[in-house]
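Observations on the model geometry
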Protein chains: 2
Amino acid sequence: MKTLLSLLLLLLTTVANAWDREPAMGTYVDPRIGSEGLGRVVVGPSCPFGMVKPSPDCTVRPNSGWLPMPALVNGFSQTHVSGTGGGPKYGNVLIQPFCSGMDRISHPTLRKDEDIRLAYYGTTFENGIQVEATTAERASQYRITYSSDSMQCLLIDAGWFLGEQNKPDAREAQNFVGSQIQIVSETEVQGYTRIRAGWNEGRAYTVYFSAQFDRPISQFKTWSAPAAEYADQMDEETRNTVISDAPYQVDNQRKTGALLCFNPSEATSAQSSSSGQTKLNVKIGISFISELKARQNVKEQIPHWDFDQTRQACIDKWEALLSKIEIGNTSKKALPVSNSQRRQFYTAIYHTLLEPVDRTGENPLWSDPGVPYYDDFYAIWDTYRTSSPLITLLDPQRETDIINSLLNICHRDGYMPDARSGNCNGRTQGGSNAEIVIADAYAKGFTGIDWEDALKCMLVDATVPPGGDQEAEGRGGLVEYLRYGYIPYGIDRAGNRTVEYAFCDWAIAQVAKGLGYNSIYEQYMKQSEYWKNLWRADYEHAGVRGFIMPRSAEGEWLDEVPFGHSKKQRPTFLYTPVTAESPWYTPWWGTFMYEATSWEYSLSIPHDVPGLIEQCGGPELFRQRLDTFFDEGFYNVNNEPSFLTPCLYHWIGRPDLTGERVRQIITENFNDSPLGLPGNDDSGAMSSWLVFHYMGLYPNAGTDYYLLHAPLLPSTTIHLSNGKDFTIVAPRLSDKRRYVQSVKLNGVNYPSSFLSHTQLMEGGVLEFIMSDKPGDWGTK
Amino acid sequence: MKTLLSLLLLLLTTVANAWDREPAMGTYVDPRIGSEGLGRVVVGPSCPFGMVKPSPDCTVRPNSGWLPMPALVNGFSQTHVSGTGGGPKYGNVLIQPFCSGMDRISHPTLRKDEDIRLAYYGTTFENGIQVEATTAERASQYRITYSSDSMQCLLIDAGWFLGEQNKPDAREAQNFVGSQIQIVSETEVQGYTRIRAGWNEGRAYTVYFSAQFDRPISQFKTWSAPAAEYADQMDEETRNTVISDAPYQVDNQRKTGALLCFNPSEATSAQSSSSGQTKLNVKIGISFISELKARQNVKEQIPHWDFDQTRQACIDKWEALLSKIEIGNTSKKALPVSNSQRRQFYTAIYHTLLEPVDRTGENPLWSDPGVPYYDDFYAIWDTYRTSSPLITLLDPQRETDIINSLLNICHRDGYMPDARSGNCNGRTQGGSNAEIVIADAYAKGFTGIDWEDALKCMLVDATVPPGGDQEAEGRGGLVEYLRYGYIPYGIDRAGNRTVEYAFCDWAIAQVAKGLGYNSIYEQYMKQSEYWKNLWRADYEHAGVRGFIMPRSAEGEWLDEVPFGHSKKQRPTFLYTPVTAESPWYTPWWGTFMYEATSWEYSLSIPHDVPGLIEQCGGPELFRQRLDTFFDEGFYNVNNEPSFLTPCLYHWIGRPDLTGERVRQIITENFNDSPLGLPGNDDSGAMSSWLVFHYMGLYPNAGTDYYLLHAPLLPSTTIHLSNGKDFTIVAPRLSDKRRYVQSVKLNGVNYPSSFLSHTQLMEGGVLEFIMSDKPGDWGTK
């Protein structure tokens with residue numbers, strides 16, 4: 001029997017892999033997907049978790065820098081984050097080639113065309129200059145093609161950054177601190193930009209650079225402009241006064257930069273082509289430590305001038321990760337996997353692995369030898385649900401490193417971040433969700449983490465009120481949460497904080513239990529029910545009863561609540577489960593629910609869905625509620641708090657409805673176009689949600705199980721870190737046969753719609769037997 | 001009548017000034033006073049409020065770096081703080097000349113002699129090398145004299161810092177983050193040291209340097225050693241592996257440095273002397289911004305190689321300040337002012353003006369054009385009582401700048417500091433005493449400060465609990481203070497925090513009242529009485545009744561209290577008004593009273609002495625209590641909380657007793673020797689206390705009045721910022737005639753022992769008529 005099973009297994013695996021093996025998944029990565037509209041992904045090249053992400057900036061306004069044509073391009077800056085909302089961050093060290101105007105410190109230019117691929121961005125400007133960009137982890141590379149008979153110039157702007165506003169300290173705006181630039185040799189310019197604030201309202205961070213050229217500089221000028229001036233708003237007179245012949249500009253809290261020219265006659269034959277064009281190769285090392293470290297980063301990561309080799313090295317790193325999951329057809333009869341699906345799937349994996357960024361050895365705040373350092377957790381509130389679990393599947397060592405970095409940050413900075421960027425914790429949208437990330441890894445049996453220490457760090461969040469800035473780190477409103485068992489209205493985000501803290505408490509309880517701390521377990525399990533203290537059982541809306549609603553410290557339910565922070569006028573307004581307004585000057589931050597309505601959060605209790613069903617009046621009423629939620633438009637696809645909601649049908653024995661909702665949501669909201677992501681990708685949160693649902697496997701972060709539902713792909717093989725393969729097949733999947741009749745795990749009937757991580761890690765084949773109507777799979 | 005008075009005034013003023021005018025007060029400054037024992041002042045040169053303080057370091061242990069001979073000198077680092085307790089801070093960028101041993105990265109050397117004067121430190125080492133140091137605000141200068149026939153070498157250690165310990169994260173120890181060094185030309189080496197923690201447990205700070213030489217480097221080596229290694233503990237093998245010929249060492253989180261040799265034959269005739277010696281001049285620019293800024297600081301502040309000129313410029317800055325107060329004799333009959341008194345007096349002024357340091361334009365965290373930036377508030381808890389009031393008298397514009405810097409820090413960092421160093425707020429010993437500094441300036445009618453904004457910043461301290469680290473900034477235990485009206489035992493420093501917060505609340509009330517915020521005034525006046533909630537009226541000790549004593553949250557008085565932070569064992573011990581023990585690993589921080597006993601703090605209610613007298617049972621019992629305090633040894637001269645206590649006799653109409661106590665305390669505890677300060681000078685706190693008492697004028701910080709008592713000098717003239725002079729004379733003062741018979745202000749009888757700042761600022765003459773026994777002056 002056992003032998004037969006093994007044989008069957010082998011056969012199935014072979015079949016799964018044989019049909020449609022992808023030699024280069026990277027060809028399906030299209031960084032344009034989700035770049036327009038709300039997606040806001042960065043389009044420029046990046047290595048997996050790479051610190052450097054060179055990309056064009058079109059004014060300082062877009063979060064990712066880039067705007068579609070015909071917007072003017074100001075240049076290419078070396079640092080970006082992907083998929084973010086709120087005020088922009090980074091956009092440091094801008095270069096821009098030009099062919100005339102050494103008296104101008106700004107050269108915005110129009111594009112004629114654009115070519116965006118994995119590890120590559122290319123454009124030809126209307127002035128005829130072509131720019132191609134690729135990158136290593138800590139150094140970017142550019143190949144610039146000029147007309148041989150024009151001037152061949154390059155601007156380096158050390159004062160540029162995204163999100164600058166006309167007045168200092170605008171909400172969520174980055175602010176200038178200082179900059180410096182120095183022509184250090186014929187072929188090298190170094191300097192830095194120092195910026196503070198931005199979305200996470202962080203302290204100052206410094207981005208050092210070393211720009212190196214494969215041809216000598218034949219002429220240069222530098223500038224030092226008042227911090228308040230926009231380069232493109234500067235009048236000619238001012239412009240002349242700021243440009244000088246000095247070989248360096250000291251950081252006197254002014255915006256500095258350099259204008260460089262390269263002599264075509266010094267180009268080697270390799271740089272000049274017969275078509276009258278000359279190439280300039282530029283490498284830009286980036287560091288958060290020093291200019292010399294930036295230079296060292298170039299030397300170590302791009303020790304040559306071969307642009308294509310740099311790009312290939314980056315592609316290879318991606319292939320190694322992307323190929324961890326192979327998708328394809330299981331039989332000729334099955335619906336073929338479309339090009340669009342492949343593009344969506346691999347691009348979504350790509351998006352997930354852009355952040356956080358590995359800055360080990362690049363931390364200017366402390367050095368703990370051997371301990372990894374990651375930055376740009378942006379934000380864990382967004383990514384804990386699906387990004388972390390996906391990294392766990394693809395690269396568990398990476399996830400281990402990320403968690404050890406979180407613990408180290410707690411030791412050194414006092415708290416684990418919920419968001420962190422520019423070396424500074426900042427902004428907690430809801431809970432202190434690093435706890436969920438840790439509980440998820442614990443549940444999945446990670447080694448290489450000091451769990452006693454991890455529990456201590458989790459307990460810091462849960463016991464130490466953050467004080468001064470209640471939205472920077474830790475748990476704002478913690479004192480009241482512990483005193484009342486909920487956060488009373490009047491404290492920002494009282495609703496979702498209560499709900500999410502209860503979930504985080506549950507996560508603490510799980511780890512405590514595993515480590516044998518029973519009294520901690522019991523205390524936090526009790527607290528994990530605090531969400532019920534905001535459950536207004538008799539409140540009715542759209543035919544549904546019971547919602548998380550505002551409550552005063554005195555215990556009274558509030559129908560009218562004050563709006564915004566005004567203490568004098570105290571304008572009030574009606575709060576209902578669909579209220580989504582927030583004052584324009586503090587979008588979401590001063591409301592009852594962050595980035596969601598009560599309708600959404602009243603279904604967002606991932607740690608106690610049975611308890612939720614009970615609160616909602618039992619399975620039948622719960623099903624009606626879910627149907628109303630989706631059918632009446634209360635569901636918001638672009639919003640993380642509703643990520644799990646389509647799967648809640650699982651808990652009432654209806655995985656078929658989960659599958660149906662998921663398929664509908666994806667079909668209606670996702671595609672492979674620039675508008676293909678329905679909301680901010682949030683460092684890959686949205687994308688990783690898509691990856692899991694494509695496979696028919698969805699994690700409930702913080703737990704050890706996945707929810708199974710009808711996949712959207714006929715075959716997926718995950719090459720696990722332990723050397724085993726786990727294959728999910730749905731051989732007869734088609735638009736019609738989209739319902740799961742039954743499921744077999746390694747050939748044996750598998751009636752449950754839940755699968756543990758342990759089961760998955762054992763490898764094998766999970767087969768969905770598809771039909772044109774649901775069977776009774778998962779109903780018990 | 002008026003004319004007559006004017007004439008008299010003129011006469012008196014003339015007399016006061018004529019007798020003993022000092023052409024150079026700086027000759028009386030002896031940086032050795034207070035350098036040994038507890039004083040811990042820095043001995044090396046410094047400009048007033050100067051950022052750079054070059055001084056010898058003898059191992060990494062002493063707070064000021066320096067130890068008396070015969071200790072070995074490791075070298076001269078460029079940054080120090082003066083008079084501090086706890087773990088050391090700074091000690092960055094060490095240089096040391098040597099004449100053999102290019103294979104050794106450490107050259108500790110014995111001194112043959114030492115010469116320490118204002119703006120000058122000189123020593124001759126046993127190897128014959130002479131080192132002289134002087135300084136500008138942001139660049140130091142060295143003149144090194146070698147024997148012409150020896151090697152002429154210099155070590156620059158970018159990995160050196162004070163307070164390093166063998167294990168990471170030892171309590172209050174500085175920790176290494178990174179360093180870098182680069183030979184940038186024949187005559188310049190640049191780099192930086194990045195260090196975190198230290199006494200204030202601050203975030204990382206970076207000290208950049210540019211070292212410049214007046215002779216070309218003839219030979220160099222650089223090193224890069226593991227962070228954990230002590231240079232002097234490294235075995236020969238390790239040493240050889242870390243030294244290389246590379247012209248730079250990148251910051252790879254290792255300790256870096258350079259060994260340089262200079263060729264005697266390249267010395268100019270000015271550098272070589274006929275006696276077979278050759279000089280090397282070294283200038284070291286320091287910056288917290290960048291290496292280039294450090295270079296610019298040299299260029300701007302020492303644009304020449306003339307050591308003596310640099311020293312003279314520093315002396316001139318001191319003279320301008322020291323000469324604001326002239327002291328001398330009023331008549332030939334009077335006791336002459338001794339050399340020792342002059343030395344103590346001017347050195348004490350000197351000590352007071354060493355910190356905080358002016359770092360305007362040197363802030364790496366933010367740039368707010370036009371706003372001053374000061375660092376090294378170390379700590380305001382120490383300095384608010386007498387240092388700030390003395391700076392106010394000598395240089396009110398400086399004090400305005402300091403206060404504006406405090407407000408700016410509040411805007412950017414969330415709180416005003418109580419202590420700040422290395423660009424980071426950290427450690428609140430008691431109250432949030434920047435509030436007293438502000439109230440003091442407000443009471444004294446400062447302009448140039450936005451008082452509405454100042455009140456807002458004060459209210460941040462008083463209303464926003466600091467969260468996570470309850471001893472970094474703001475008011476730790478604030479929630480409980482507001483809830484119970486006192487801080488219950490169990491929260492660190494419950495006793496002195498309660499007492500000091502009440503004082504701080506009084507300060508807020510005063511400013512609020514002045515600005516017309518009556519409800520704030522009333523609320524904070526109410527809170528200013530909270531110290532009474534810890535007044536255990538029936539507790540008796542040494543025949544005195546009523547003490548500030550530990551109380552539980554439930555309101556019970558505690559005789560036995562838990563000791564330290566142990567939660568398992570909960571060792572308890574008897575707490576009495578003389579208890580001063582604290583766990584060795586947290587000296588003072590975990591106790592009921594910071595750095596003092598209940599005896600001391602029960603007399604430390606500067607804002608409500610009449611209320612205190614009432615609590616103590618009225619004037620007679622209060623007098624007995626004060627006598628007991630001083631006679632039975634409960635007074636601690638080296639401790640700031642007891643600074644005002646000798647003056648408390650004023651409030652019961654006995655300024656004669658104040659005078660008597662003050663004279664006795666000074667005679668017994670202060671002198672002009674290296675051991676001449678009885679406790680940590682704490683950035684001049686101890687010294688400024690002495691200055692005021694010498695004059696017979698003592699401020700009660702936060703109020704607009706001074707307490708008058710028998711001076712120790714026969715004549716003092718303060719040249720006020722408004723161009724007027726205020727002269728205090730005691731023409732017949734002698735050891736015998738040490739009692740005040742009566743006082744005349746501008747020739748008119750002045751029966752009060754209190755004088756307002758407004759009166760003082762009007763200028764004029766205050767004459768003490770001295771006698772061999774007290775009169776009835778000040779008794780009403």
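Structure: see above.
Within any chain, residue numbers begin from 1 and follow the written order of that chain's sequence. Both sets of labels track the order of writing: A upward for chains, 1 upward for ligands. This being a predicted model, a pLDDT of at least 70 is required before a residue's local features are given, and a value of 80 or more before pairs of side-chain atoms are given or counted; all residues contribute to the totals for chains, interfaces and linings. Neither water nor hydrogens contribute to the side-chain values; these are computed over all heavy atoms in the structure.

With that settled, the discussion passes to the overall build of chain A. Put simply, DSSP marks the helices as runs of H or I at least four residues long and the strands as runs of E at least two long, and each gets a number from the N terminus on. Looking only at helices and strands, chain A has 19 helices and 33 strands in total. For chain A, whose C-alpha radius of gyration is 27 Å, the value lies close to the compact-globule estimate of 28 Å for 780 residues. When a residue's accessible area, from a 1.4 Å probe over protein chains only, is under 20% of the maximum for its type it is buried; when over 50% it is exposed; and in between it is partly exposed. Burial statistics for chain A: of 780 residues in total, 66% are counted as buried. Partitioning the intrachain contacts of chain A with sequence separation of at least 6 by distance along the chain shows that 69% fall at a separation of at least 24. Computation of the radius of gyration draws on C-alpha atoms, with the globule rule given as 2.2 Å multiplied by the number of residues to the power 0.38. Two residues form a contact once any of their heavy atoms are found within 4.5 Å.

Residue and element names in this part refer to chain B. Two strands form a pair only when DSSP identifies at least two bridges running between them. Across the sheet, three strands lie side by side as S26-S27-S32; this open sheet has antiparallel pairing. At either margin of the open sheet sits one strand with a lone partner, and together these are strand S26 (697–699) and strand S32 (754–756). Taken over all neighbouring pairs, the strand axes of this sheet differ in orientation by 35° on average, direction set aside. Convention adopted: a line fitted to C-alpha atoms gives each axis, helices being fitted over their contacting stretch, and angles between N-to-C directions are expressed from 0 to 180 degrees.

Residues and elements named next belong to chain B. Closest axis-to-axis distance for the helix H9 (residues 434–443)/helix H12 (residues 494–514) pair is 9 Å, and the angle between their directions is 35°. Considering only the axes of H9 and H12, their crossing is left-handed. Contacts between H9 and H12 involve Glu-435, Ile-436, Ala-439 and Tyr-442 from the first element and Phe-503, Cys-504, Ala-507, Ile-508, Gln-510, Val-511 and Gly-514 from the second. Residues were grouped as follows: Ala, Val, Leu, Ile, Met, Phe, Trp, Tyr, Cys and Pro as nonpolar; Asp, Glu, Lys and Arg as charged; and all remaining residues, including Gly, as polar. Its residues placed into classes, the contact of H9 with H12 shows eight nonpolar, two polar and one charged. Crossing handedness: left-handed means the near helix sits turned counterclockwise from the far one by under a right angle, and right-handed means the same turn made clockwise.

Residues and elements named next belong to chain A. What counts as a disulfide here is a pair of cysteine sulfur atoms lying within 2.5 Å. Counted by the stated rule, this structure contains two disulfides over all chains. At a sulfur-sulfur separation of 2.5 Å, the disulfide partner of Cys-153 is Cys-261. Residues Cys-153 and Cys-261 share a disulfide whose torsion about the S-S bond is about 60°; that sign makes it right-handed. Remark: Cys-261 occurs in strand S15 (residues 255–262) and Cys-153 occurs in strand S8 (residues 152–157); sequence separation between them is 108 residues.

Below, the discussion takes up empty space enclosed by the protein. Only protein atoms enter the calculation, which uses a 1 Å grid: trapped sets of points that fit a 1.4 Å probe without letting it out are cavities, open sets showing protein on both sides within 12 Å along at least five of seven lines are pockets, and any residue with an atom within 4 Å of a point is a lining residue. Grid points are joined across faces, edges and corners, and a volume is the space filled by probe spheres set on the points. The full count for this structure, using the stated rule, is 17 cavities of 30 Å³ or more. The space that makes up the largest cavity amounts to roughly 430 Å³. Along the walls of the largest cavity sit 25 residues, with Ala-204 and Leu-365 of chain A together with Ala-204, Pro-364 and Leu-365 of chain B positioned nearest its centre. When contributions to the lining of the largest cavity are tallied by element, the ones reaching two or more residues are strand S11 (202–213) of chain A together with strand S11 (202–213) of chain B. Considering only residue class, the lining of the largest cavity consists of 15 nonpolar, six polar and four charged.

Attention now moves to the pairing of strand S5 (residues 120–125) of chain A. A regular strand places its side chains on the two faces of the sheet in alternate fashion. Residue and element names in this part refer to chain A. Judged by how many residues are buried, S5 sits mostly within the fold: six of six residues are covered. When strand S4 (residues 111–117) meets S5, the two strands line up antiparallel, connected through six bridges. Along S5, the bridge assignment pairs Asp-113 with Thr-124. Hairpin remark: S4 followed by S5, antiparallel, with two residues in the connecting loop; positive phi at Ala-119, about 60°. Pairing geometry for S5 and strand S6 (residues 130–135), over four bridges, is antiparallel. Bridge pairing in S6 places Tyr-121 opposite Ala-133. Counting the residues between successive antiparallel strands, the hairpin from S5 to S6 contains four residues, one of them, Gly-128, with a positive phi of roughly 90°.

The subject of this paragraph is the nonpolar core. Soluble globular proteins: nonpolar side chains tend toward being buried together. Put simply, buried Ala, Val, Leu, Ile, Met, Phe, Trp, Tyr and Cys residues joined by side-chain atoms within 4.5 Å make one nonpolar core. One finds Ile-156, Phe-209, Phe-213, Phe-345 and Phe-768 of chain A to be the most contacted residues of the largest nonpolar core, which totals 206 residues. Examining the composition of this core, we find that 12 residues originate from one element, helix H12 (residues 494–514) of chain A, more than from any other. The residues touching Ile-156 of chain A, leaving out its near neighbours within four places in the chain, are Leu-94, Ile-95, Ile-181, Val-189, Phe-209, Ala-211, Phe-213, Trp-223, Gly-257, Ala-258 and Leu-260 of chain A. Judged by nonpolar contacts, the second largest core, of 205 residues, contains Phe-125, Ile-403, Ile-487 and Phe-634 of chain B.

Turning next to the interface of chain A and chain B. Taken residue by residue, the interface counts 40 residues in chain A and 40 residues in chain B. Summing both sides of the interface, chain A and chain B together bury roughly 3200 Å²; the carbon and sulfur share of this comes to 46%. In terms of surface lost to chain B, no three residues of chain A exceed Gln-253, Leu-292 and Ser-367 of chain A, which account for 17% of the buried area on that side. Here, a salt bridge means any side-chain nitrogen of Lys or Arg that lies within 4 Å of a carboxyl oxygen of Asp or Glu. Linking chain A to chain B there are two salt bridges. Close ionic contact of Arg-412 of chain B with Asp-169 of chain A constitutes a salt bridge, the shortest N to O distance being 2.7 Å. Simply put, the buried area is the total loss of 1.4 Å probe accessible area from both parts when two parts are fitted together.

Another aspect to go through is the packing of aromatic side chains. In summary, the pairing rule links any two rings of Phe, Tyr or Trp, Trp by its six-membered ring, whose centres are within 6.5 Å, and it sorts them by plane angle into stacked for under 30 degrees, edge-to-face for over 60 and tilted for everything else. Enumeration over the complete set of coordinates arrives at 84 aromatic pairs over all chains. An angle of 80° between the planes, with centres 5.1 Å apart, marks the rings of Phe-629 of chain B and Phe-630 of chain B as edge-to-face. Ring pairing ties together the aromatic residues Tyr-539, Phe-547, Trp-599, Phe-629, Phe-630, Phe-634, Tyr-635 and Tyr-649 of chain A, which thus form one cluster. Cation over ring: Arg-117 of chain B sits above Tyr-120 of chain B, and NZ or CZ is 4.8 Å from the ring centre. Lysine NZ or arginine CZ positioned within 6 Å of the ring centre and within 35 degrees of the ring normal marks a charge as sitting over the ring.

All names here are of chain A. Helix span, as expected, comes to 1.5 Å for every residue beyond the first. The end-to-end C-alpha separation of H12 is 30 Å, in line with the 30 Å expected for 21 residues at 1.5 Å each. In terms of residue burial, H12 counts as a mostly covered element, since 18 of its 21 residues are buried. A positive phi of about 85° marks Gly-516, the residue just after H12.

All names here are of chain B. Pairing in this open sheet of six strands is mixed, and the strands run S17-S28-S29-S33-S30-S31 from one edge to the other. Since the sheet does not close on itself, it has two edges, and those belong to strand S17 (325–328) and strand S31 (748–749), each with one partner. In the sheet, strand S30 (residues 739–745) pairs with S31 via two bridges, with the strands oriented antiparallel. Paired with Leu-745 across the strands is Val-748, a residue of S31.

What follows deals with the side chain of Glu-326 of chain A. Tracing the chain through its elements places Glu-326 of chain A in strand S17 (residues 325–328). Of the residues examined, Glu-326 of chain A reaches a relative accessible area of 7% and is grouped as buried.

Residues and elements named next belong to chain A. Applying the stated criterion across every chain, the model contains 82 salt bridges over all chains. For Arg-343, the salt bridge identified is with Asp-672, shortest N-O distance 2.8 Å. On the criterion of sequence distance, the pair formed by Arg-343 in helix H5 (residues 339–352) and Asp-672 in the loop between helix H17 (655–669) and helix H18 (685–695) is long-range, its members being 329 residues apart. Residue Arg-343 is classed as buried on the basis of its relative accessible area of 19%. The exposure class of Asp-672 is partly exposed, given its relative accessible area of 21%. Among the charged side chains, a salt-bridge network with shared partners connects Arg-171, Glu-172, Glu-201, Arg-427, Glu-471 and Arg-493.

With that settled, consider the relation of the copies chain A and chain B. Superposition of chain A onto chain B requires a rotation of 180° combined with a translation of 0.0 Å along the rotation axis, giving an RMSD of 0.0 Å. Here the copies are linked by what is in effect a two-fold axis. Across chain A, the smallest distance between a C-alpha and the rotation axis is recorded for Gly-467 of chain A, namely 1.6 Å. The residues that chain A uses at the interface reappear at the interface of chain B in 100% of cases, marking a shared surface. We place the copies in one frame by least squares, fitting the C-alpha atoms of every residue whose pLDDT is at least 70 in both.

Let's shift gears to helix H13 (residues 518–527) of chain B. All names here are of chain B. Listing the buried residues of H13 in full gives Ile-520, Tyr-521, Tyr-524 and Gln-527. Down the axis of H13, the smallest arc covering the buried residues is 130°, so these residues share one side. For H13, exposure combined with an orientation more than 90 degrees from the buried face picks out Ser-519, Glu-522 and Lys-526. Summarising the contacts, the buried residues of H13 are in contact with helix H10 (451–463), helix H11 (478–484) and H12. The arc in question is traced by the directions running from the helix axis to the C-beta atoms.

Residues and elements named next belong to chain B. In this structure, the second largest pocket spans a volume of roughly 710 Å³. Considering the residues around the second largest pocket, the lining is formed by 38 residues, among which Arg-40, Gly-85, Gly-86, Glu-172 and Pro-587 are closest to the centre. Tallied by class, residues from the lining of the second largest pocket come to 15 nonpolar, 14 polar and nine charged.

Looking now at the packing of H9 of chain B against H10 of chain B. All names here are of chain B. At a minimum axis separation of 10 Å, H9 and H10 run at an interaxial angle of 155°. Put simply, H9 runs roughly antiparallel to H10. In this structure, H9 crosses over H10, and the sense of that crossing is left-handed. When H9 is examined against H10, the residues Glu-435, Ile-438, Ala-439, Ala-441 and Tyr-442 are found in contact with a partner set consisting of Trp-451, Ala-454, Met-458 and Asp-461. Across the contact of H9 with H10, the residue classes break down as seven nonpolar, no polar and two charged. For this classification, under 35 degrees means roughly parallel, over 145 means roughly antiparallel, 65 to 115 means roughly perpendicular, and everything else is oblique.

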